[in-house]
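Survey of secondary and tertiary structure
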Amino acid sequence: MFTPFSSPHPVRSARSRDRRRAVRSLLAAGAVSALALSAYAAPSFASDGSQPVAGATGADGTGADGTGAGASVRLDPRHEEGGAVPQNFVGLSLEWSLVERYMGPNARPAFANLLKNLGTGVLRIGGSSQDLMPFVPDATNTNEVVTPDDLALIRSTLDATNAGDADTARPAWGVVLGTAMSPPSDRRPFVSPDHAHTFVTQGVAPAFSGKAARYVAGIELGNETDLSYGASRYGAYLDDLRTYSARGVTGPFPVIAPNTSEDILPWQTIAAGPTRYFWNWPQILDVFAPGAKTRAGAFGAYASDHFYPLARTCNGKPYRCATIPALLSDEHMQSLDYQVYEHAEEAARHGLGYRLEETNTAAGRGADGVSNVAASATYALDMMFNAACPQPPQAPSANTACGTGAIGVNLHNAEVRAFFSPEEGNGYYNAVDYDPSPAMGAPTAAPEYYALLLFSKFAQGTSGLRPVAVSTDDPTAGNQVKAWRVEGSAAERRLFLINKSDRPVTLTVDAPGSSALVDRMTPYDPTGAGKTLDAAQVRIDGRQVAADGTWPGFDATQEQIKGDRLTMTLGAGEASVIAIHQHDD
C-alpha cells in the first residue's frame, strides 16, 4: 500500500545517495575546480559595443587583425564506438494559447514546411498554459480555452507534415499534447481527473483516430509539477500521478511525466540538494514507469524534464542573469550536463527514455539581445550535443562513449509578455516567430531554428556520437571551441566544430583524404555593422529560409586537404560540419 510522504524529499535510493555523497566529498575537498571545465572568458567588446569580425588568417595562425586564436583537432577516420542520435531528436514546444498563430489556416502551410525541413521530430503543445486553459468541448474557440478546433488544427498540420508516410510505424513528426494536472485553485478550478478524461475522450481521440493515433507521442500530465504542487503537496502529486496515468483517465494513449523544472542554480548546489523535485525522480518514476511502459506508443515510453540555463530577470541572483557570455559559458552548460546525465540514468534504470521536453536560453520568455541573436543558435547547437551526450562535471570521463543521454529536445516558444496576448509579439527565445498581426500569417525562422536545421540534417539519426578533444595554446579562446563527431554512414565521418567565443579561431583539422565538404552556420548582420554573436540573423552556407518556410537546401563548399591536414578559420559564433568520405575501417 502506498503511503504519501510528508516531505518532498523522501528516502532516496542507495545509488542516488552514494552519488550525492561522492559529489559532496569532492566539494568538501575542493576538487570541483579540478573537475570543472575551463570557465568562459567574457568577450572583449569594442568601445562602440560591437564585436570583432572574422578576418583573413595570418601566417602565425591568428586573424589578420590579431584577434584570432589557433587550435587543432583530429577527425579519426576509423569507426569508433559511440552513442546514437535518435530520429525525432529535434523538436519544438508551443503554448496552447498559440495554436492558431502557428497552425491556423494562414499559418499552417509555412509552419508545416518549417517542420518538414527538419525531417523528423516531435512537436509539444503545452507549457504553463496547459494548467491554465480548460478543455471545453462545445466552447467557441479563443486564446483562453482549448477546444476540438485546436486539436483539429494540430491534426491538419501533422497530416501536411507527414504526407507520404501514412503506413510507417513511426511518423516523421509526432505530437505531445499537454493536459492540466495540478492542485485546483481559484484560477484553475476545472483541474481534475474528469477534466483530463474529457480532454482525451472528446478532444484527442476524435481528432487522432485510426492511423493518426500513432501521431500522439503522449499525453503530458501537468507542467512543472514541482512548482504547481510544491514541497507541501508532494504526496498529493504522487497520488494524482497514479490516478491520471491510469487507463481509465487518459488511456489508451501514452502518458508522459513528470515534466519537472529545476531552479536556475550551479550544478554543485543541486548536487548538494535537496532542491525542488530533482532528487525525487527515483520515487516519481517508481509510480509512473510501470504503467507508462505498458502504454508506449510509436515514440516509446519516456520521462520528461525542463531546463533553462538563465532567466530574463536576475532576482538578485547573478548566476541567473542573461548575458551572451553567461549563455555560452562552460559553467552553465555543466548544469545542463549534470541534470541530463542524472535524470537520463534514472529514467534508464526504470526502463524509460528521457526527453528534455522544454528548454531554451532563458526562462521568462527569453532575454532581448541574448535569446534573439546569433549567440542563441550557437548555444542551441552545442546544447543539443550535450543533451544527446552529457559530460557530467562530477565525473568528466564517465560518458565519453555517449552511452547516456536524451532521446530529444524541444525548444519552447511563447508570447513576449503574457498568455492570451499574442498580438504583443514573440517571446525573445522563439525559434520560430509567429505573425502577431490579425492576419495570423506565415511563421518565420528565427536564429535558433538554424541550429535545429543544421543538427537535424547532419547529426540526427546518426551513430558514433562522441565529444572530440580540441588542443590549443590559447586556453582563453581555444576552450570555447567545441567539437563533436558522428558517423553518417559506413563511408562518412562528420566533425562538428562550434566556436562559442567572440573572436575568430583558426583550426588545423587532422583528417585523411584529399578533400572535405564543409557546411557553415554563420551569424549574419543585416545592418552591416559587423555584429557577430549579437547579430540579429543567422545563415547556413549563406542561405536563409524562405518566407513560405521552405529551405533552398545546403550548399557545402569543397575544401582541399593537404598532407592529411585541413586548415580553416571559424568566425565568432560560427559552426561548421566537416564531412570526409575516405577512411580506413
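Attention here is on the structure that accompanies the text. (Residues numbered from 1 in each chain as written. Predicted model: local features only at pLDDT ≥ 70, side-chain atom pairs only at ≥ 80, totals over all residues. Heavy atoms only, no water.)

So, the overall build of the protein
Each helix and strand in the protein was counted, giving 16 helices and 23 strands. Here the protein holds 585 residues, and 60% of them are scored as buried. Here the analysis covers contacts within the protein between residues at least 6 apart in sequence; of these, 77% occur between residues at least 24 apart. (Helix = DSSP H or I, 4+ residues; strand = E, 2+ residues; numbered from the N terminus. Buried < 20%, exposed > 50% of the residue type's maximum accessible area, 1.4 Å probe, protein only. Contact = heavy atoms within 4.5 Å.)

Here we look at the pattern of salt bridges
Following the criterion strictly, the structure yields 22 salt bridges and no others. Salt-bridge contacts for D382 lead to K500; the nearest nitrogen and oxygen are separated by 2.9 Å. Of this pair, D382 sits in helix 14 (residues 374–388) while K500 is found in the loop between strand 17 (492–499) and strand 18 (505–510), placing the two residues 118 residues apart along the sequence. One exposure class covers both D382 and K500, and it is buried. Ionic contacts of the salt-bridge type, sharing partners, join the residues E80, R466, R485, E487 and R493 into one network. (Salt bridge = Lys/Arg side-chain N within 4 Å of Asp/Glu carboxyl O.)

Points about the packing of helix 4 (residues 108–117) against helix 5 (residues 148–161)
With their axes 9 Å apart at the nearest point, helix 4 and helix 5 run at an angle of 50 degrees to one another. On the basis of the axis angle, helix 4 is oblique to helix 5. Note that helix 4 runs across helix 5; the crossing there is right-handed. Residues R108, F111, A112, L115 and K116 of helix 4 lie in contact with helix 5, whose contacting residues are L153, S156, T157, A160 and T161. Of the residues that constitute the contact of helix 4 with helix 5, the class distribution is five nonpolar, three polar and two charged. (Axes fitted to C-alpha atoms, helices over the stretch in contact; angles between N-to-C directions. Parallel < 35°, antiparallel > 145°, perpendicular 65-115°, else oblique. Left-handed = near helix turned anticlockwise from the far one by under 90°. Nonpolar A, V, L, I, M, F, W, Y, C, P; charged D, E, K, R; others polar.)

Remarks on the packing of helix 8 (residues 234–245) against helix 11 (residues 281–294)
Packing of helix 8 against helix 11 brings their axes to within 9 Å, and their N-to-C directions diverge by 20 degrees. In terms of their interaxial angle, helix 8 and helix 11 are classed as roughly parallel. Considering the relative orientation of helix 8 and helix 11, their crossing is right-handed. On helix 11, the residues touching Y234, Y237, L238, L241, R242 and S245 of helix 8 are Q283, I284, V287 and F288. A per-class count over the contact of helix 8 with helix 11 returns seven nonpolar, two polar and one charged.

Observations regarding the side chain of R188
Considering the arrangement of structural elements, one finds R188 in the loop between strand 4 (173–179) and helix 6 (193–207). For R188, the contacting residues outside a window of four places in its chain are D131, L132, S182, P183 and S228.

Quick word on the nonpolar core
Ranked by internal contacts, the top residues of the largest apolar core, which has 125 residues, are L177 and F208. When residues of this core are assigned to their parent elements, the largest contribution, 11 residues, is made by helix 14. In this view, F208 contacts L151, I154, R155, L158, V175, L177, A213, Y215, V216 and F253; residues no more than four positions away in its chain are not counted. Membership of the second largest hydrophobic core comes to 20 residues, among which are A71, V73, A483 and A516. (Core = buried A, V, L, I, M, F, W, Y, C linked by side-chain atoms within 4.5 Å.)

Re the state of the cysteines
For the structure on display, the rule yields two disulfides. Between the sulfur atoms of C314 and its disulfide partner C321 the distance amounts to 2.0 Å. Of the residues examined, C314 reaches a relative accessible area of 25% and is grouped as partly exposed. Disulfide partner of C389: C402, at an S-S distance of 2.1 Å. Across the S-S bond linking C389 and C402, the dihedral sits near -80 degrees, which makes this disulfide left-handed. Placement of the pair is C389 in the loop between helix 14 and strand 11 (408–413) and C402 in the loop between helix 14 and strand 11, with a sequence separation of 13 residues. Accessibility expressed as a relative area gives 0% for C389, which makes it buried. (Disulfide = S-S within 2.5 Å.)

Describing the packing of aromatic side chains
Counted by the stated rule, this structure contains 21 aromatic pairs. Ring geometry for F419 and F420: centres 6.1 Å apart, planes at 50 degrees, overall tilted. Both residues of the pair, F419 and F420, belong to the buried class. A centroid spacing of 5.1 Å and a plane angle of 70 degrees characterise the contact between F458 and F554, whose relative ring orientation is edge-to-face. Here F458 is found in helix 15 (residues 447–458), whereas its partner F554 is found in the loop between strand 20 (537–540) and strand 21 (557–560), with 96 residues between them in sequence. In this structure, R365 packs its charged tip against the face of F419, placed 4.5 Å from the ring centre. Above the ring of Y524, the side-chain terminus of R539 is found at 4.1 Å from the ring centroid. (Phe/Tyr/Trp six-rings, centres within 6.5 Å; stacked < 30°, edge-to-face > 60°. Lys NZ or Arg CZ within 6 Å of the ring centre and 35° of its normal.)

Examining the sheet that holds strand 11
The parallel closed barrel is built from eight strands, whose spatial order is 2-3-4-5-6-7-9-11. For this sheet, the mean inter-axis angle between neighbouring strands, taken without regard to orientation, is 25 degrees. (Pairing = 2+ DSSP bridges.)

Structural notes on helix 13 (residues 330–349)
The periodicity of an α-helix, 3.6 residues per turn, causes residues three or four places apart in sequence to face the same way. Look at helix 13: 28 Å from first C-alpha to last across 20 residues, which is about the 28 Å you get at 1.5 Å a residue. Most of helix 13 is tucked away, with 17 of its 20 residues classed as buried. Of the residues trailing helix 13, G351 is marked for its positive phi of about 75 degrees. (Expected span 1.5 Å × (residues − 1).)

Quick word on the environment of G441
Tracing the backbone through its elements, the reader meets G441 in the loop between strand 12 (432–433) and strand 13 (444–445). Taking the C-alpha atoms as reference points, G441 and G104, separated by 337 residues in sequence, lie 8.3 Å from one another. Not counting the four nearest positions on each side in its chain, G441 is found in contact with R101, N106, A107 and D435.

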